[in-house]
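Coordinates in review
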Amino acid sequence: MYTKKNTYAHLLVFCWVLLFTALSLTTCTRPDLPAELVGKAKEIESLFDNCYDPSLPGGFAVAVIKDGQVVFKDAYGFANNEHEVPFTTHTVSDLASVAKQFTGLAVAMLIQEGKLSPDDDIRRYLPEIPDFGDPITVRHLLYHTSGIRDWVGLVKISGRYMEDVITDDFLMRLVLNQRELNFRPGERIRYSNTGYFLLATIVSRVAEQPFSEWMRHNVFLPLNMSNTQIGYDHRTIIPHRASSYGKDSKGDLRNNTSNLEAYGSSSLFSTLDDMVRWVVNYETRSIGGHDAWDMMLQKGALNSGEAIDYGFGISIHNNGSVLSFGHGGSWGGYLSQVTYYPELRLGYVLMTNRDPSGVYVDDELVRLFLPDTSGAVTEEPAGTPQRMRVAVDARLLDEYAGSYEFFDKVVVIQAGGDHLLVHLPWEAVEFYAESDNKFFRQDFDAQFEFFRNDEGHVDRLVYHFRGSPNPPFRRLDEDVSGQSEVAEVLGEYESPELRTRYKVMIKDKRLILWHLQNEEIGLLRLDRDHYLGNKWWCEEIEILRDEDDKVTGFTLTADGGNIQNLLFVKQ
C-alpha cells in the first residue's frame, strides 16, 4: 500500500516508478521561507498527514499560500489505484463548481470592457430562452436568484444516470423546454448550475469565440496555468488526469465515471500547481484587475434588499471575525475547495479524487495563522469522540430498520449485519451500536437514538449532532395496504417539461414512483395530498385535484429546493 513517507517495497524492480514518485512529490518546507513560516509549514504538514488514510482509494493534493508564497504543497495517495499511479501536484483533477469563479471573472472583465451590463436581460444574448414574464438579468444568474431550475436535478428526474453522457446541447434543451420558474427572479436564492452554464454561453456569444478558448487566452495562459482547461467534450484525452472513487448506495467504495460537458458551471480541469497561481492572483489581481475583482467580491441582494453571501461565482463568509471567500466543487467522486482569507493573506487549495475526502482541516489551518489576541474562531472544534462499539441482538437492528422523517427529507435505515446502514439523501453511512438504542458514526460526531411508544414499537428517533440533540423525527408508515385514499393516486404521470413518465404503484405494500430507467422512489404518506420521497431527486410531491376533487397530477420538489413545483400530469 502506497504511503507518502514510504517507498514501494513491492515494486522495487520498477525503478522508474520510484524516480517518478520522487520527482512528483514536492518538498513541504522551502529553504527560502522566513523562519516563522518554516515552523508553520511543519505544523501544516502534521494536519494533512493525519488526514491521510491509506485504506481508502484515491488521494489528494493540497497547498497553503501565505503572503504570496507557497508555505506548504504536497500530495498523498493514488491518482489511479488500479495502476498505482501516485497523486502528485501536477495530477489533473475535475474541480467541478470551482469553475464558477472563473466564469464570474469572465463576466466581470466583459462588464469592465463595456461589452455587457449586469442588468441586461439575458434574452438580449440568448433570445431563444423562453419569456417567463419577469425579465431575468445577468445579475440574477450570477447570484443564483434567477429562478431557473438547476440542471443537475432535471437530468436525474428525466431518467438519466449521472454517469451518462451529459452534453451542453442537452443542458440547453432542458432550459429551452422549461415551462415556469421556481420563483420570480430576485425573490429567493437557490443554487443553479444552469445559471452559470448560461453565463458561459453569454460570454461565448459576446466574445464571438468558444468559452473554453476565451478562458484559455484571457486567463489560463496569462497566469501560466498551462495544464488547466475547460472540458467541452467528454471524449477529450487529458494527460495526467486522475480517476475518481466514491461510495455506492450500500456505502461500498467504487470507481466513479464522469461524462459531463457543462462549461461555466463545472467541467474545469486543473492541477494543484496551476491553482496555486490562481490563488496568488486573488491578491495581485494581475488578471482581471482591481475593478473587476472588487465587482466579483461584492455581495448580491434579493429584491427585498436582504444581502446574499455570494459574489460572482464566489461564496463569501465570516469565520468568526475572519473574512473568507472561495468555492467548493463536487462531481463524479471528485472534490475540491479553494479558499482565501484576505485579512490573513492566507490561501488554501484542496483537490481530491475520492468522495468523501476525509480532509477536514479548515478551522485548524486558520488557527495556525491567527494572532493570539484575535477573537476569531475562538471555539475549539469538538472533534470526533472516541466511542466503544458493542454487540447488539440482530433482531434489534431489524426493529430499527425503516423510514423516518429527517428534517424536511427522509432517511431510510437498513439492518446491515452488525450495524445500521443509514441512507441519507446524499450518501449511505454506517452507524454502529454503542448501546441497545443508540448508534454512532465512526468518522463524524453524529448519533441516532431510537425510542418506542407505549406499545413497545419503535416510532421515532433523535439525531444528535456534535453532542446536541435535535427534536424527535417520527417513523413513517410504509404499509399502504388498506388505505383507500391511496388508490386514487395510482396511475401514470408525465412531465410536459421533461417529456418523461413515472408510474405511482404499490409494490410489496409500499407506494413507489416507478420509472423505466431511474431507481425506484419510495413515497411516504404525510397526509391525503402530501408525500415525501426517499431520493434527492424526489424529496416531496403534492397531489393536484380539480374542482370535482379528482386527481389531475402532482408537483415535485427536489434537490434541496433547486427544483420546485415541477408539474406532472396524470395520464
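Residues numbered from 1 in each chain as written. Predicted model: local features only at pLDDT ≥ 70, side-chain atom pairs only at ≥ 80, totals over all residues. Heavy atoms only, no water.

All right, on to the overall build of the protein then. If you tally the helices and strands in the protein, you get 13 helices and 33 strands. For a compact globule of 571 residues, the expected C-alpha radius of gyration is about 25 Å, and the protein comes in at 25 Å, within 12% of that figure. Across the 571 residues that make up the protein, the buried fraction comes to 53%. Look at the contacts in the protein between residues 6 or more apart in sequence, and 58% of them connect residues 24 or more apart. Taking the average place of the 56 positive charges on the side chains of the protein and the average place of its 83 negative ones, the gap between the two points comes to 2 Å. (Helix = DSSP H or I, 4+ residues; strand = E, 2+ residues; numbered from the N terminus. Rg over C-alpha atoms; globule rule 2.2 N^0.38 Å. Buried < 20%, exposed > 50% of the residue type's maximum accessible area, 1.4 Å probe, protein only. Contact = heavy atoms within 4.5 Å. Lys, Arg positive; Asp, Glu negative; His and termini not counted. Charge placed at Lys NZ, Arg CZ, Asp CG, Glu CD.)

Along the chain, the position of Asp 169 falls in helix H6 (residues 168-176). Owing to a relative accessible area of 42%, Asp 169 belongs among the partly exposed residues under this scheme. Residues Asp 169 and Ala 262, spaced 93 residues apart in sequence, show a C-alpha to C-alpha distance of 9.4 Å.

Here we take up the sheet that holds strand S29 (residues 521-527). The strand order around the closed barrel formed by eight strands is S26-S27-S28-S29-S30-S31-S32-S33, and the pairing between neighbours is antiparallel. Direction aside, the axes of adjacent strands within the sheet are offset by 30° on average. Bridge count between S29 and strand S30 (residues 530-535): four bridges; the pairing is antiparallel. The partner of Arg 525 across the bridge, within S30, is Tyr 531. (Pairing = 2+ DSSP bridges. Axes fitted to C-alpha atoms, helices over the stretch in contact; angles between N-to-C directions.)

Right, let's talk about helix H2 (residues 35-49) for a bit. Over its 15 residues, H2 runs 22 Å from end to end, which matches the ideal 21 Å to within 8%, given 1.5 Å per residue. The inward-facing, buried residues of H2 abut strand S1 (59-66), strand S2 (69-80), strand S16 (346-352) and helix H11 (362-368). (Expected span 1.5 Å × (residues − 1).)

Positive phi is not limited to glycine here, since His 144 has a value of about 60°. As for its placement among the helices and strands, His 144 is situated in the loop between helix H4 (138-142) and helix H5 (151-157). Residue Arg 499 is not a glycine yet carries a positive backbone phi of 55°. Among the structural elements, Arg 499 can be located in the loop between strand S26 (491-495) and strand S27 (500-507).

A few words on the nonpolar core. Counting residues in each nonpolar core, the largest one holds 112 residues, and the members touching the most others are Phe 102, Ile 157, Val 219, Met 275 and Trp 278. The greatest single-element share of this core, amounting to nine residues, is contributed by helix H3 (residues 99-112). Apart from residues lying up to four places away in sequence, Met 275 is in contact with Leu 95, Val 98, Phe 102, Met 225, Ser 270, Val 338, Val 349 and Met 351. Of all hydrophobic cores here, the second largest spans 27 residues; its members include Leu 47, Phe 48, Val 62 and Val 361. (Core = buried A, V, L, I, M, F, W, Y, C linked by side-chain atoms within 4.5 Å.)

Another aspect to go through is the pattern of salt bridges. Evaluation of the coordinates by the stated rule reveals 33 salt bridges. In this structure, the salt-bridge partner of Glu 283 is Arg 345, at a minimum N-O distance of 2.4 Å. Linking Glu 283 in helix H9 (residues 272-284) with Arg 345 in the loop between strand S15 (334-341) and S16, this pair joins segments that are 62 residues apart in sequence. Assessed through its relative accessible area of 36%, Arg 345 is described here as partly exposed. Here Arg 528 and Glu 488 are joined by a salt bridge, their closest N and O atoms 4.0 Å apart. Taken together, the positions of Arg 528 in the loop between S29 and S30 and Glu 488 in the loop between helix H13 (484-487) and S26 put the pair 40 residues apart, joining distant regions of the chain. (Salt bridge = Lys/Arg side-chain N within 4 Å of Asp/Glu carboxyl O.)

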